[in-house]
Amino acid sequence: MRIGIVILPDQRWSESQRRWRQADEWGFDHAWTYDHLGWRDLVDGPWFDSMTTLTAAATVTSRIRLGTLVASPNFRHPAAFARQVTALDDVSDGRLLLGIGAGGIGFDATVLGGDTLPPRQRVDRFAEFIELLDLILREDGTTWRGEWFAAVDARNNPGCVQQPRVPFVLAANGPRSMRLVARFGQGWVTTGTGGDDLESWWSSVAEVSARMDETLEKAGRDPATLDRHLSLDAAPVFSLSSADFFAEQVGRAARLGFTDVATHWPRASSWYAGDEQVLVDVATRLLPELRRA
């Protein structure tokens, strides 16, 4: 089991860089940040850009993989984003994991003056975003036109350090998005589909995992070729409530076939509120054992 940590971009770099360095030193497999222009009740800030944050993180770490959880088509164009992706993959020396989702509702969906799209249209746009980004990152001189995005002779020189391109870790719970995972994803990330209590949430995770198995089978793809990521803190109980609880959640994810999990760095209040000492305990006492799960 590979274990990751999510570090929200809600601190000035003078404060935040300690966390990225520490995650690397502790031996976490990957570290992620959110890709939003503003998020939930943290919209009033402070809040910082994901790609800039990850680039800074790349300069103060040496081993840990770095990723977006997840990049949003709400405010990105594949041609421009491809340049950022290529640069970050270069600065990190091939440590980038590119999480991509359909784009959420709320502030990100309206801050640029547009309307919140219904689910079907968001998945339509998601499909175009992934297809065009994949082309631009793999081929130089892409010309392409769809309903949502277009590109004319989009360049990718010098290309990604990771060939043929950076790994896509695609967020998906529904059937159409899962088919995109089967076609384009090197990884899949899910939050489950909700639940009022912990057991119902785990039931939803089991159901969505079974649907992914079915999707891969229909696509003729070997399940062993797909990394499966679970965001543990989509559950109604914070995964770092205690070290023992975290170990239990990692074990449950492993038994469902997940190869990767992610928890969040505890915050003082609001989302992911918790005791940072629990994270220290997990990282220094349990992490090596949990990674062997």
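Residues numbered from 1 in each chain as written. Predicted model: local features only at pLDDT ≥ 70, side-chain atom pairs only at ≥ 80, totals over all residues. Heavy atoms only, no water.

Draft legend 1. Examining the nonpolar core more closely. Within the largest apolar cluster, 89 residues are counted, with the highest numbers of intra-cluster contacts made by Ile3, Phe28, Leu133, Phe168, Trp188 and Leu230. Ranked by the residues each element gives to this core, the list is headed by helix 5 (residues 119–138), at eight residues. (Core = buried A, V, L, I, M, F, W, Y, C linked by side-chain atoms within 4.5 Å. Buried < 20%, exposed > 50% of the residue type's maximum accessible area, 1.4 Å probe, protein only. Helix = DSSP H or I, 4+ residues; strand = E, 2+ residues; numbered from the N terminus.)

Draft legend 2. Geometry of the packing of aromatic side chains. Following the criterion strictly, the structure yields twelve aromatic pairs and no others. Measuring from ring centre to ring centre gives 6.2 Å for tryptophan 39 and tyrosine 272, while their planes differ by 10°; the resulting arrangement is stacked. Of this pair, tryptophan 39 sits in the loop between strand 2 (30–33) and helix 2 (50–60) while tyrosine 272 sits in the loop between strand 10 (260–264) and helix 9 (276–291); the two residues are 233 residues apart in sequence, bridging distant segments of the chain. The same class applies to tryptophan 39 as to tyrosine 272, namely buried. A centroid spacing of 5.8 Å and a plane angle of 25° characterise the contact between tryptophan 188 and phenylalanine 258, whose relative ring orientation is stacked. Taken together, the residues span a long stretch of sequence, with tryptophan 188 in strand 8 (residues 187–190) and phenylalanine 258 in the loop between helix 8 (243–255) and strand 10 at a distance of 70 residues. Per residue, the accessibility class of tryptophan 188 equals that of phenylalanine 258, and both read buried. The ring of tryptophan 271 carries arginine 40 above its face, with NZ or CZ at 4.5 Å from the centroid. (Phe/Tyr/Trp six-rings, centres within 6.5 Å; stacked < 30°, edge-to-face > 60°. Lys NZ or Arg CZ within 6 Å of the ring centre and 35° of its normal.)

Draft legend 3. View of helix 3 (residues 78–91). Given a rise of 1.5 Å per residue, 14 residues ought to cover 20 Å, and the 20 Å separating the end C-alpha atoms of helix 3 matches this to within 8%. Turning to helix 3, its buried residues number three or more, namely Pro78, Phe81, Ala82, Val85, Thr86, Leu88 and Asp89. Looking straight down helix 3, one finds its buried side chains confined to an arc of 165°; they lie on one side. Looking at the buried positions of helix 3, the neighbouring elements they touch are helix 2, strand 3 (65–71), strand 4 (96–100) and helix 5. (Expected span 1.5 Å × (residues − 1). Arc of directions from axis to C-beta. Contact = heavy atoms within 4.5 Å.)

Draft legend 4. Here's a closer look at the pairing of strand 10. With five of five residues buried, strand 10 is to be regarded as a mostly interior element. Residues of strand 10 alternate between two faces, with Asp260, Ala262 and His264 on one and Val261 and Thr263 on the opposite face, all of them buried. With five bridges connecting them, strand 1 (residues 2–6) and strand 10 associate as parallel partners. If you follow valine 6 over to strand 10, its bridge partner there is histidine 264. Across three bridges, the pairing between strand 9 (residues 227–231) and strand 10 is parallel. By the bridge assignment for strand 10, leucine 230 is matched with valine 261. (Pairing = 2+ DSSP bridges.)

Draft legend 5. Structural view of the environment of glycine 251. Residue position: glycine 251 is located in helix 8. When the C-alpha atoms of glycine 251 and alanine 293 are compared, they prove to be 6.8 Å apart, with 42 residues separating the residues in sequence.

Draft legend 6. Highlighting the packing of helix 6 (residues 175–184) against helix 7 (residues 198–219). Relative orientation of the contacting elements helix 6 and helix 7 amounts to 55°, with a least axis distance of 9 Å. With respect to each other, helix 6 and helix 7 are oriented oblique. By crossing handedness, the relation of helix 6 to helix 7 is classed as right-handed. Together, Met178, Arg179, Val181 and Ala182 of helix 6 and Val208, Arg211, Met212, Thr215, Leu216 and Ala219 of helix 7 make up the contact between the two elements. (Axes fitted to C-alpha atoms, helices over the stretch in contact; angles between N-to-C directions. Parallel < 35°, antiparallel > 145°, perpendicular 65-115°, else oblique. Left-handed = near helix turned anticlockwise from the far one by under 90°.)

Draft legend 7. Representation of the sheet that holds strand 7 (residues 168–171). Pairing within the closed barrel is parallel, and its eight strands lie in the order 1-2-3-4-7-8-9-10. The mean inter-strand angle of the sheet, taken between neighbouring strand axes irrespective of direction, is 25°. In the packing of helix 2 onto the sheet, the strands contacted are strand 2 and strand 3, and the crossing angle to strand 3 comes to about 170°. Each of strand 1, strand 9 and strand 10 is contacted by helix 8, which is oriented at about 150° to strand 10, the strand it contacts most.

Draft legend 8. Molecular detail of the packing of helix 1 (residues 13–26) against helix 2. Between helix 1 and helix 2, whose axes approach to 10 Å, the crossing angle comes to 55°. Judged on the interaxial angle alone, helix 2 and helix 1 are oblique. In this structure, helix 1 meets helix 2 at a crossing whose hand is right-handed. On helix 2, the residues touching Trp13, Gln17, Trp20 and Arg21 of helix 1 are Thr53, Leu54, Ala56, Ala57 and Val60. Looking at side-chain class alone, the contact of helix 1 with helix 2 contains six nonpolar, two polar and one charged residues. (Nonpolar A, V, L, I, M, F, W, Y, C, P; charged D, E, K, R; others polar.)

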